[in-house]
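Breakdown of the fold
Chain by chain, the residues run as shown.
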Amino acid sequence: QVQLAESGGGLVQAGGSLRLSCAASGRTFSSYAMGWFRQAPGKEREFVAAISGSGGSTYYADSVNGRFTISRDNAKNTVHLQMTSLKAEDTAVYYCAAGKEAVRVVMAVGVDYWGQGTQVAVSS
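Computed from a predicted structure; not experimentally measured.

Definitions and cut-offs
- Residues numbered from 1 in each chain as written.
- Predicted model: local features only at pLDDT ≥ 70, side-chain atom pairs only at ≥ 80, totals over all residues.
- Heavy atoms only, no water.
- Salt bridge = Lys/Arg side-chain N within 4 Å of Asp/Glu carboxyl O.
- Buried < 20%, exposed > 50% of the residue type's maximum accessible area, 1.4 Å probe, protein only.
- Helix = DSSP H or I, 4+ residues; strand = E, 2+ residues; numbered from the N terminus.
- Phe/Tyr/Trp six-rings, centres within 6.5 Å; stacked < 30°, edge-to-face > 60°.
- Lys NZ or Arg CZ within 6 Å of the ring centre and 35° of its normal.

**Focus: the pattern of salt bridges**
Scanning the model with the defined rule gives three salt bridges in all. The closest approach of N and O atoms between R38 and E46, which form a salt bridge, is 2.6 Å. Residue R38 is classed as buried on the basis of its relative accessible area, which comes to 5%. Residue class for E46 comes out partly exposed when judged on its relative accessible area of 35%. Between R67 and D90 there is a salt bridge, and its shortest N-O distance comes to 2.8 Å. Taken together, the residues span a long stretch of sequence, with R67 in the loop between strand 6 (58-60) and strand 7 (68-73) and D90 in the loop between strand 8 (78-83) and strand 9 (92-99) at a distance of 23 residues. D90 matches R67 in its accessibility class, with the two residues each being buried. Each member of the salt-bridge network shares a partner with another, and the members are R38, E46, R67 and D90.

This is how it looks when you write it as structure tokens:
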């Protein structure tokens, strides 16, 4: 069983930056690919970024590629999402996710665990 807890959300002006963190419980963190998803009001949850268990492979949605960076620290059981050049359309609840295969996490079919979410609001 893996428990995920997100933090770092908040209100930021357009063009600003924010760093989300996700702390995971358990001793097998490095065996899980990790991902970030988001859900805006009235919209479906969508993939944002993912990283393999070793951290050697990363994946991004086209909408955030070049602006967001996903990273992980396996020694601290944490994954981060550095968000820069934020836009109003980035406003959403951001969820941390864990699964055994990064590619399946990207497609959301291989997510075994979800966090509770953290709110990000970008004012224009």
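Next comes the rest of the write-up.
**A word on unusual backbone geometry**
Despite not being glycine, S85 shows a phi value in the positive range, around 45°. Inspection of the secondary structure assignment puts S85 in the loop between strand 8 and strand 9. Overall, the relative accessible area of 39% leaves S85 in the partly exposed class.

**Thoughts on the packing of aromatic side chains**
If you walk through the whole model with that rule in mind, you get three aromatic pairs. Plain terms: the ring middles of Y32 and Y113 are 6.0 Å apart, the flat faces sit at 70° to each other, and that makes the pair edge-to-face. A residue pair is termed long-range when its members are at least 10 positions apart, and Y32 in the loop between strand 3 (18-24) and strand 4 (33-39) and Y113 in strand 10 (residues 113-114) qualify at 81 residues. Per residue, the accessibility class of Y32 equals that of Y113, and both read buried. Between F37 and W114, the aromatic rings sit 5.0 Å apart at their centres with planes inclined by 65°, giving edge-to-face as the arrangement. In this pair, F37 sits in strand 4 while W114 sits in strand 10, placing the two residues 77 residues apart along the sequence. Here a set of aromatic residues connected by ring pairs shows up, and it is made of F37, F47 and W114. Its end group placed over the ring of F29, R72 keeps NZ or CZ at 4.4 Å from the ring centre.

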